[in-house]
Amino acid sequence: MVRSHTVTDGAAAASRSALDEATLLVADPHRSPAGLGAHAQRAMTLCRPGVLSVAEVAYHLRLPGAVVKMIVAGLVHSGHLSARAPYTPAAGRHDLDFLQQVLDALHKL
């Protein structure tokens, strides 16, 4: 077993608390992963083809989410990765007649 502080190069806490498991990560194609730690390089490689969430990176790295958040926070801070809020579609207007039909049907149960 490898201790968390070894994987994170001694970081004790994430420097960017806004990261969560659903945060989307995008690698900067112009930044080289040379000089990064092994796990940070692997995270960069995983994110290069497209967008991955922090949870997906943690799964592929086989590391706890908290550890991956620290690794990713360092990569975001250095500009190797950019972090984006997950996509959430805007709420649409509800069809009140349909909702009333659903409510009536539930009352009949």
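I will try to describe carefully the structure that is included in this document. (Residues numbered from 1 in each chain as written. Predicted model: local features only at pLDDT ≥ 70, side-chain atom pairs only at ≥ 80, totals over all residues. Heavy atoms only, no water.)

Section: the overall build of the chain
Broken down by element type, the chain carries five helices and three strands. Looking at the chain residue by residue over its 109 residues, the buried ones come to 28%. Here the contacts in the chain between residues at least 6 apart in sequence split such that 70% fall between residues at least 24 apart. (Helix = DSSP H or I, 4+ residues; strand = E, 2+ residues; numbered from the N terminus. Buried < 20%, exposed > 50% of the residue type's maximum accessible area, 1.4 Å probe, protein only. Contact = heavy atoms within 4.5 Å.)

Examining helix α3 (residues 54-61)
Listed as buried for α3 are Val54, Val57, Ala58 and Leu61. Taken around the axis of α3, the buried residues stretch over an arc of 100°, which confines them to a single face. On the buried face of α3, the contacting elements are β1 (24-27), α2 (38-47), β2 (51-53) and α4 (65-78). In the stretch just after α3, Arg62 is the one whose phi turns positive, near 60°. (Arc of directions from axis to C-beta.)

Regarding unusual backbone geometry
Not every positive phi belongs to a glycine, and Arg62 is a case in point at roughly 60°. Structurally, the position occupied by Arg62 is in the loop between α3 and α4. Arg62 gets classed as exposed once you look at its relative accessible area, which sits at 61%.

All quantities given are derived from atomic positions and should not be read as evidence of function.
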